[in-house]
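Spelled out from the first residue to the last, the chains are:
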Amino acid sequence: MFKIFLHKTNTERYDHVIKLYQELVYRMDNGVSDLHISATCSTGWILIDKMSYKVYHIQLRTEGMSAMEWTIHPLGDSAVLIEFGQEIHGDILGRIQTAAHQIEQDPFPGWIECIPSYTTLAVYYDLAVLSLINRSGNTGIYETVCQLIEQRLLMALTQEKKQQTRVVDIPVCYGGEYGPDLQLVADRNGLTTDQVIQIHASGDYTVYAIGFAPGFPYMGGMSPQIAAPRKQTPRLTIPAGSVGIAGEQTGIYPLDTPGGWQLIGRAPVRLFDPKQAPPALLQSGNKVRFFPIPAEEYIRLGQQASNVRSQADEEGGRR
Amino acid sequence: MSIIVEKPGLLTTIQDTGRTGYGKDGVSITGAMDRPAHMIANWLVGNTGQEPTLEITLSGFAVEFTADCWIAVTGGQLTPVVNGQLLPMWRPVYVRKGSRLSFKKVESGCRAYLAVAGGWQVPSVMGSASTYLRAGIGGQNGRALREGDILSTSSGQLMPPKLSIEPDRMISLHTVSWQVSSLLLPSQTGKPVIRIIPGREWGDFSTASQQSLLEENYRVTPQSDRMGYRLSGSVLELKSARDYLSEAVAHGTIQVPADGQPIILMADRQTLGGYAKIAQVISLDLPVMAQLAPGDYVRFEMVSIGEAQQWYGTWVRELRVLRRMIEQKLKDLHS
């Protein structure tokens, strides 16, 4: 199987593409194998079976019929940002997941890693490796990297199968010493604390990105009914596992850090564990649901989590 | 072989080339701020370059060696002294058991690297020995070195030198007659001109702000650290204020928060940022940046991404030659 990428100039008008397509079919039917392959742009492609020369699949990205739009921007001289849209949307998140998956499965020489976020996917590359590979080429390294990425993005388009969404259920002990700001959030929104808990625990949350701290999820999907502004003076220490609200966002602190979120509860789970693979419990694209637990349950689950931690510390100390 | 930390100095951490592959988990890359200095220090003691070194910040660090060993100090000129004798930088040095190495005063630069033959022995956490201070992992139990810490070394490739004088308590160090030429290294003094390429939001800034960034001096403030350099100078303003969605940033990203004072993201940066990115320091000049200390001034010059990548390629090839020459010189030590 190989692909023929359609040059931008050829796809500016749809009928040109059809013509090109017909010509390709004709030439292949006549056993012409030395087809010119141009891999320079993302406007469309034709997938051809190498053995039978049969056209396997055709996909065109002319105006009005695009399956996946993107723009590649440089992020310095060693990374690019692929932009898939400009607003927070589940479809865009899905495209970012698919693209990241494709690049990770089929990495190009010098590829380091991908970092997804709300609307973009960053792809980092090793300039030293690409400098040595690209030595004789007339094309710049950035252009080469763009081509390598676009080839993979086009390939990702053929992966029609949707990746299954992982749902993570997180137990939370709301209020009391674990959620000192629960009352404040309730008062602010004219609700009872039970109503705040009920609303928070019935939401379906989407993880758009992991960042700020290791394992920290940027989540969307919280009901505006329980929104609350950040604290004017941030707390100096917020214990790991704290569940908070800032504006219309909710999140969980993976480490003990200072912070200004309104704390409504605490989860006895480890969001970041260097001994696990992957080390972050949540990944971009996951769905999260919270369910309330009583304090005794929190203590029981918390002990399990801390046992894991002290074991890990011992191992670290032995080496 | 091991060393005992007598004084930790301002900030001394164990670093290597960083913890890559976990950015999507929110894990900072960390690693040596001045990568070439870290690599060269390793090469000079017969290591591959991947081994951890100590990154020593400004002044005050002091250690004692419990056995004879090969070491190399590179990076900023922080006046390393062994038993009162100035230690030559950028070359392999054989120090004797019981010697005391200390960093006396800052001549130029900000960070020095101490490599030992075999490398410092610390557990690898998620593929790297680098200290990740914010998460408390890597290096020496995830923290900066403290007084009394004992660091062991892995066994090295480099054999002890043939000393012309029999072991004598008066001789505390033995070195070679060659060193890495300073011509190969990025400038470490004066007001460096840092080359940049436009950031993704360069066009969102006012023309006056774009001009300020390219024409005026910016000062490194004391709030600068391994996460980022906070600069002070003319305020940089967006044409119209707006919010940006958080997205991935890179080493050398220059972002501008609401106060208009630029921040250059360095080794311990967070993986995502939500501020407008006015520009990006080119990879070649990141080591220059890493050697700036609070109070230093910096100027910026715009170049193209093509130039930046081409220069980097040239420099990578020069470094490869340097590495081969060092390897040859080390072989000659024993022939």
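Keep in mind the model is a prediction, meaning the values are calculated, not measured.

**Q** Can you break down the pairing of strand S7 (residues 120–125) of chain A residue by residue, with the values?
**A** Residue and element names in this part refer to chain A. Counting buried positions over the six residues of S7 gives six, a clear majority of the element. The side-chain alternation of S7 yields two buried faces, one formed by Thr120, Ala122 and Tyr124 and the other by Leu121, Val123 and Tyr125. Direction of pairing for strand S5 (residues 79–83) relative to S7: antiparallel, over a ladder of five bridges. Bridging across to S7, alanine 79 finds its partner in tyrosine 124. For strand S6 (residues 111–116) and S7, the ladder comprises five bridges, and the chain directions are antiparallel. Bridge pairing in S7 places glutamate 113 opposite tyrosine 124. Connecting S6 to the next strand, S7, in antiparallel fashion are three residues.

**Q** Explain the nonpolar core residue by residue, including any values.
**A** Counting 113 residues, the largest nonpolar core has Ile82, Leu121 and Ile149 of chain A together with Ile40, Leu54, Ile71 and Phe300 of chain B as the members making the most contacts within it. Of the residues forming this core, the biggest block, nine residues, is contributed by helix H4 (residues 305–332) of chain B. Residues within four places of leucine 54 of chain B in sequence aside, it is in contact with Ile3, Thr12, Thr13, Ile14, Phe61, Ala112, Tyr113, Leu114, Trp120, Leu145 and Leu151 of chain B. Tyr174, Val196, Met222 and Ile252 of chain A belong to the second largest nonpolar core, which has 28 residues in total.

**Q** Explain helix H2 (residues 207–215) of chain B to me, using residue names and the numbers behind them.
**A** Residues and elements named next belong to chain B. The set of residues buried in H2 consists of Ser209, Gln210, Ser212 and Leu213. All buried residues of H2 fall inside an arc of 160° around its axis, so they share one side. Opposite the buried face of H2, by more than 90 degrees, sit the exposed residues Thr207 and Glu215. At its buried positions, H2 is contacted by strand S13 (193–198), strand S14 (218–220), strand S20 (276–281) and strand S21 (297–302).

**Q** Break down the interface of chain B and chain A for me, citing the residues and quoting the values.
**A** Each partner contributes to the interface: chain B provides 41 residues, whereas chain A provides 48 residues. Here chain B meets chain A over a buried area of about 3,600 Å², counting both sides, of which 62% is carbon and sulfur. Considering only the side of chain B, the residues that lose the most area to chain A are Lys24, Arg200 and Gln309 of chain B, jointly responsible for 19% of the buried surface there. For the pair chain B and chain A, the interface holds two salt bridges. Arginine 200 of chain B is the salt-bridge partner of glutamate 83 of chain A, the closest N and O atoms lying 3.2 Å from each other. Taken together, the links from chain B to chain A amount to 16 residue pairs in polar contact (both at pLDDT 80 or more). When residues of the side of chain B that touches chain A are traced back to their parent elements, those giving at least two are strand S16 (247–248), S20 and H4 of chain B. Its residues assigned to classes, the side of chain B that touches chain A shows 20 nonpolar, 13 polar and eight charged.

**Q** Explain the packing of aromatic side chains to me, using residue names and the numbers behind them.
**A** In the structure shown here, the tally under the stated rule is 13 aromatic pairs over all chains. Both rings, one in tryptophan 70 of chain B and one in tyrosine 94 of chain B, keep their centres 5.2 Å apart while their planes meet at 65°; by these two values the pair is edge-to-face. With tryptophan 70 of chain B in strand S5 (residues 69–77) and tyrosine 94 of chain B in strand S8 (residues 93–95), this pair connects stretches of sequence that are 24 residues apart. We classify tryptophan 70 of chain B as buried; its relative accessible area is 2%. Note on tyrosine 94 of chain B: relative accessible area 7%, which makes it buried. Counting every residue linked through ring pairs, the aromatic cluster contains Tyr118, Tyr208, Phe212, Phe216, Tyr218, Tyr253 and Trp261 of chain A.

**Q** A description of the sheet that holds strand S4 (residues 61–65) of chain B should follow, citing residues and the corresponding values.
**A** Residue and element names in this part refer to chain B. In spatial order, the strands read S7-S6-S9-S4-S1-S11; together these six strands make up an open sheet with antiparallel pairing. Single-partner strands in this sheet number two, and they are strand S7 (85–86) and strand S11 (150–152). Where strand S1 (residues 2–8) meets S11, three bridges bridge the pair, whose relative direction is antiparallel. What sits directly across from serine 2, in S11, is serine 152.

**Q** Tell me about H4 of chain B, residues and numbers included.
**A** For H4 of chain B, spanning 28 residues, the distance from its first C-alpha to its last is 41 Å, which sits close to the expected 40 Å at 1.5 Å a residue. Inspection of H4 of chain B places Ile305, Ala308, Gln309, Tyr312, Gly313, Trp315, Val316, Leu319, Leu322, Ile326 and Leu330 of chain B among the buried residues, and these make up the whole buried set.

**Q** Which residues make up the pairing of strand S13 (residues 249–252) of chain A, and what values go with them?
**A** Residues and elements named next belong to chain A. In this sheet, S13 lies alongside strand S12 (residues 242–246) in antiparallel orientation, the contact comprising four bridges. Across the sheet, residue glycine 244 finds its bridge partner in S13, namely glycine 251. Between S12 and S13, which pair antiparallel one after the other, the connecting turn spans two residues, and glycine 247 there sits at a positive phi close to 65°.

**Q** Report on the domain arrangement of chain B, specifying residues and quantitative values.
**A** Residues and elements named next belong to chain B. The assigned domain composition of chain B is domain 1 (2–185) and domain 2 (193–303). Put simply, the middle of domain 1 and the middle of domain 2, counted by C-alpha atoms, are 30 Å apart. Opposite the 21 residues of domain 1 that make contact, domain 2 presents 14 residues. Across the interface of domain 1 and domain 2, roughly 1,400 Å² is buried in total on both sides, 54% from carbon and sulfur atoms. Applying the counting rule to domain 1 against domain 2 returns one salt bridge. Between arginine 226 and glutamate 55 there is a salt bridge whose closest N-O contact spans 2.8 Å. Summed over the shared surface of domain 1 and domain 2, the number is ten residue pairs in polar contact (both at pLDDT 80 or more). Listed by contribution, the elements that provide at least two residues to the side of domain 1 that touches domain 2 are strand S2 (11–15), S5 and strand S10 (108–116). Per-element accounting of the side of domain 1 that touches domain 2 gives the leading share, four residues, to S10. Of the residues assigned to the side of domain 1 that touches domain 2, the class counts are eight nonpolar, nine polar and four charged.

**Q** Got a sec to walk through the packing of helix H1 (residues 35–44) of chain B against H4 of chain B? Specific residues and values, please.
**A** All names here are of chain B. Contact geometry for H1 and H4: axes closest at 9 Å, N-to-C directions at 20°. Classified by the angle between their axes, H1 and H4 sit roughly parallel to one another. As H1 runs across H4, the sense of the crossing is right-handed. Where H1 approaches H4, its residues Pro36, Ile40, Trp43 and Leu44 are matched on the opposing element by Trp315, Leu319, Leu322, Arg323, Ile326 and Leu330. Of the residues contributing to the contact of H1 with H4, the split by class is nine nonpolar, no polar and one charged.

The rules behind the values
- Residues numbered from 1 in each chain as written.
- Chains lettered and ligands numbered in written order.
- Predicted model: local features only at pLDDT ≥ 70, side-chain atom pairs only at ≥ 80, totals over all residues.
- Heavy atoms only, no water.
- Buried < 20%, exposed > 50% of the residue type's maximum accessible area, 1.4 Å probe, protein only.
- Helix = DSSP H or I, 4+ residues; strand = E, 2+ residues; numbered from the N terminus.
- Pairing = 2+ DSSP bridges.
- Core = buried A, V, L, I, M, F, W, Y, C linked by side-chain atoms within 4.5 Å.
- Contact = heavy atoms within 4.5 Å.
- Arc of directions from axis to C-beta.
- Buried area = accessible area lost by both parts, 1.4 Å probe.
- Salt bridge = Lys/Arg side-chain N within 4 Å of Asp/Glu carboxyl O.
- Polar contact = N/O pair within 3.5 Å; in protein donor to acceptor, adjacent residues only side chain to side chain.
- Nonpolar A, V, L, I, M, F, W, Y, C, P; charged D, E, K, R; others polar.
- Phe/Tyr/Trp six-rings, centres within 6.5 Å; stacked < 30°, edge-to-face > 60°.
- Expected span 1.5 Å × (residues − 1).
- Domains from an automatic or database assignment.
- Axes fitted to C-alpha atoms, helices over the stretch in contact; angles between N-to-C directions.
- Parallel < 35°, antiparallel > 145°, perpendicular 65-115°, else oblique.
- Left-handed = near helix turned anticlockwise from the far one by under 90°.

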